[in-house]
Amino acid sequence: MKTQVVIIGAGPSGLLLGQLLHNAGIDNIILERATPDYVLGRIRAGVLEEGIVSMVREAGVAERMDREGLPHGGVQIAFNGEIRRVDFHKHANGKQVVVYGQTEITADLMEARQACGAPIHYKVEKVQIHDPDSDNPLVTYEKDGQQHRIACDYIAGCDGFHGVSRKTIPESLRTEYEKVYPVGWLGFLADTPPIDEELIYGVSDKGFFLCSMRSHTRSRYYVDVSLDEKVEDWSDDRFWEELSSRLPESVRGKLVTGPSLEKSIAPLRSYICEPMQYGRLFLVGDAAHIVPPTGAKGLNLASGDVNYLYRILLKVYKENRPEAIAQYSALCLRRIWHAERFSWWMTNMLHDFGDKFDRKLMDSELDFYTGTDAGLSVIAEQYVGLPYEEVV
Ligand code: FAS
Ligand code: PHB
């Protein structure tokens, strides 16, 4: 088999890249090790920056997102019993974010892939990347016991943190940066009306909380827990009691409880692999970087990588500029490191990791950054997302 681009992974990165390339007439094959249901069953991101919204529109897959997505002009931050609002219109030049679940985007992209008939293979095994640093890379995999080979021009490693792509880059060429936080987020999804029109991030003496949503009738909540906690030890009642105890008096009465549709604990980590390319192999999204979800950046960073790789491949194939691939890693990393810093900073400002000096700094930071125009602009401009750079 031969194609122009092999995409490993059918998460949001792989599916979005695949749709954009297909629409541009660039042949690509997507290889996914799981089933569609498994991919859709992972409850993850919920906040979309304008960048990914425009990419999904450009891919021609925005109809449901535009109909059901919730535009948000601000976000709220609760501490010391009060709630302050970060106004994006006032402090981020009128930009906004859209609340629309990663699961929904993934489902919309899966449907588009099926409708256009572009090749995608689920439940593949033993994907291997051969000679990515040559002019003739090859991808092999197994499916239903059959061995398959795909000769290609380029490989997009959209296979997440635990995929095969990053490990294909020789360890001697990789520099990895990592910070592991001493807590995880216990996430809870319920068909209950959200506590407020906007997201509320907060920290109380009991710990961090986040009140988010997926629609006007479906809520998504988080509390931070120690890493030795097990999700099976958290009954629905125990979760609701813990969340309620962390909420400010002013909103606690608005909390509507109900049975969980999904409950999971996600560890918090900052991670980056440099460089993000090796010959004709490009790392995209979680394959190359992870952020703590406090800045709502994970999915949005993945989409930034997709934007850069897509526009570079357009230059390669439509302008006959194969040398354009050399800029990919540096372009991605400039944006990624800003989001890594923002996510690390928001995490430290909203989580008490037990040091009493740091706890006092948290109060000072929260008071300054939510109480001054300068501070509010810092949060707003990075929360709505930095603009994509031009691909030359
Ligand atoms: P993904 O991990 O989504 O997709 C990779 C795909 O590759 C998977 O389908 C996997 O099955 C497949 N794959 C892996 N190895 C393979 C192989 N060898 N062969 C073939 N296929 C292979 N981000 C936010 O912005 N906000 C959040 O609240 C948030 N919460 C999160 C909670 C959790 C528990 C996790 C893990 C992440 C969360 N994220 C959040 C980040 C998340 O949304 C990611 O940024 C996003 O899924 C990145 O998408 P992909 O890069 O496509 O990687
Ligand atoms: C979510 O809705 O899942 C969500 C929103 C904002 C975050 C993290 C998660 O920062």
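Heads up: the structure comes first, above all this text.
The sections below set out a description of the structure shown in this document. (Residues numbered from 1 in each chain as written. Chains lettered and ligands numbered in written order. Predicted model: local features only at pLDDT ≥ 70, side-chain atom pairs only at ≥ 80, totals over all residues. Heavy atoms only, no water.)

**Considerations on the overall build of the protein chain**
Summing up its helical and strand segments, the protein chain has 13 helices and 20 strands in all. With the principal axes as the frame, the protein chain shows a C-alpha extent of 60 × 40 × 40 Å. Here the protein chain holds 392 residues, and 56% of them are scored as buried. Excluding contacts between residues fewer than 6 apart, the proportion of contacts in the protein chain whose partners are at least 24 apart in sequence is 72%. As presented, the protein chain carries roughly 16,600 Å² of accessible surface, and 50% of it is formed by carbon and sulfur atoms. The protein chain carries 43 positive and 57 negative side-chain charges, and their two centres are separated by 2 Å. (Helix = DSSP H or I, 4+ residues; strand = E, 2+ residues; numbered from the N terminus. Buried < 20%, exposed > 50% of the residue type's maximum accessible area, 1.4 Å probe, protein only. Contact = heavy atoms within 4.5 Å. Areas by Shrake-Rupley, 256 points an atom, 1.4 Å probe, with all protein chains shown as cover. Lys, Arg positive; Asp, Glu negative; His and termini not counted. Charge placed at Lys NZ, Arg CZ, Asp CG, Glu CD.)

**Brief notes about helix H6 (residues 102-116)**
Along its 15 residues, H6 runs 21 Å from first to last C-alpha, staying within 8% of the 21 Å computed at 1.5 Å per residue. All of the buried residues in H6 are Gln102, Thr103, Ile105, Thr106, Asp108, Leu109, Met110, Ala112 and Arg113. Immediately downstream of H6, the backbone of glycine 117 shows phi near 75 degrees, a positive value. (Expected span 1.5 Å × (residues − 1).)

**Some words on the layout of surface pockets**
Estimated volume of the second largest pocket: approximately 240 Å³. Taken together, 15 residues make up the lining of the second largest pocket; nearest its centre are Gly101, Glu104, Arg214, Ser215 and Arg218. Considered class by class, the residues forming the lining of the second largest pocket number four nonpolar, four polar and seven charged. (1 Å grid on protein atoms, 1.4 Å probe; cavity = no way out; pocket = protein on both sides within 12 Å on 5 of 7 lines; lining within 4 Å. Points joined across faces, edges and corners; volume = space filled by probe spheres on them. Nonpolar A, V, L, I, M, F, W, Y, C, P; charged D, E, K, R; others polar.)

**Regarding the packing of helix H1 (residues 12-23) against H6**
Two elements in contact, H1 and H6, have axes whose closest approach is 9 Å; the angle formed by their N-to-C orientations is 40 degrees. In the crossing of H1 with H6, the sense of the turn from one axis to the other is left-handed. Two secondary-structure elements touch here, H1 through Pro12, Leu15, Leu16, Gly18, Gln19 and His22 and H6 through Gln102, Thr106, Leu109, Met110, Ala112, Arg113 and Cys116. (Axes fitted to C-alpha atoms, helices over the stretch in contact; angles between N-to-C directions. Left-handed = near helix turned anticlockwise from the far one by under 90°.)

**Digging into the site of ligand 1**
Around ligand 1, a shell composed of 29 residues is seen, among which Ser13, Glu32, Arg44, Gln102 and Asp286 lie nearest. Proline 12 places a polar main-chain atom, nitrogen or oxygen, 3.4 Å from an oxygen atom of ligand 1. Arginine 44 places a polar side-chain atom, nitrogen or oxygen, 2.9 Å from an oxygen atom of ligand 1. Coverage of ligand 1 by the protein amounts to 86% of the 990 Å² it exposes when considered alone. (Near = heavy atom within 4 Å. Polar contact = N/O pair within 3.5 Å; in protein donor to acceptor, adjacent residues only side chain to side chain.)

**Here we look at the pattern of salt bridges**
Tallied over the entire structure, the rule returns 35 salt bridges. Glutamate 68 is paired through a salt bridge with arginine 64; the nearest N and O atoms lie 3.3 Å apart. Of this pair, glutamate 68 and arginine 64 both sit in helix H4 (residues 63-68), four residues apart, roughly one helical turn. Of the charged contacts, one joins arginine 84 and glutamate 82 as a salt bridge, the two residues approaching to 3.2 Å between their closest N and O atoms. According to the relative accessible area criterion, arginine 84 is buried, its value standing at 18%. Judged by relative accessible area, which is 34%, glutamate 82 ranks as partly exposed. (Salt bridge = Lys/Arg side-chain N within 4 Å of Asp/Glu carboxyl O.)

**Some details on the packing of aromatic side chains**
Any pair of aromatic rings gets described here by the distance separating the centres and the angle formed by the planes. This structure, assessed with the given rule, holds 18 aromatic pairs. Relative to phenylalanine 353, the ring of tyrosine 181 has its centre 6.2 Å away and its plane inclined at 35 degrees; by these criteria the two rings are tilted. Taken together, the residues span a long stretch of sequence, with tyrosine 181 in strand S13 (residues 175-190) and phenylalanine 353 in the loop between helix H11 (328-350) and helix H12 (356-369) at a distance of 172 residues. Since its relative accessible area comes to 3%, tyrosine 181 is described here as buried. (Phe/Tyr/Trp six-rings, centres within 6.5 Å; stacked < 30°, edge-to-face > 60°.)

**Notes on the pairing of strand S17 (residues 260-274)**
The pairing of S13 with S17 spans 13 bridges and is classified as antiparallel. The residue of S17 that forms the bridge with lysine 179 is serine 270. (Pairing = 2+ DSSP bridges.)

**Thoughts on the site of ligand 2**
If you check the shell around ligand 2, you find 14 residues, and the closest are Tyr201, Ser212, Arg214, Tyr222 and Pro293. The contact in question runs from an oxygen atom of ligand 2 to an N or O atom on the backbone of proline 293, over 2.6 Å. Between alanine 296 and ligand 2, the recorded distance is 3.3 Å, taken from a backbone N or O atom to an oxygen atom. Notes on ligand 2: free accessible area 280 Å², of which the protein chains cover 97%. Per-class residue counts for the shell around ligand 2 are eight nonpolar, three polar and three charged.

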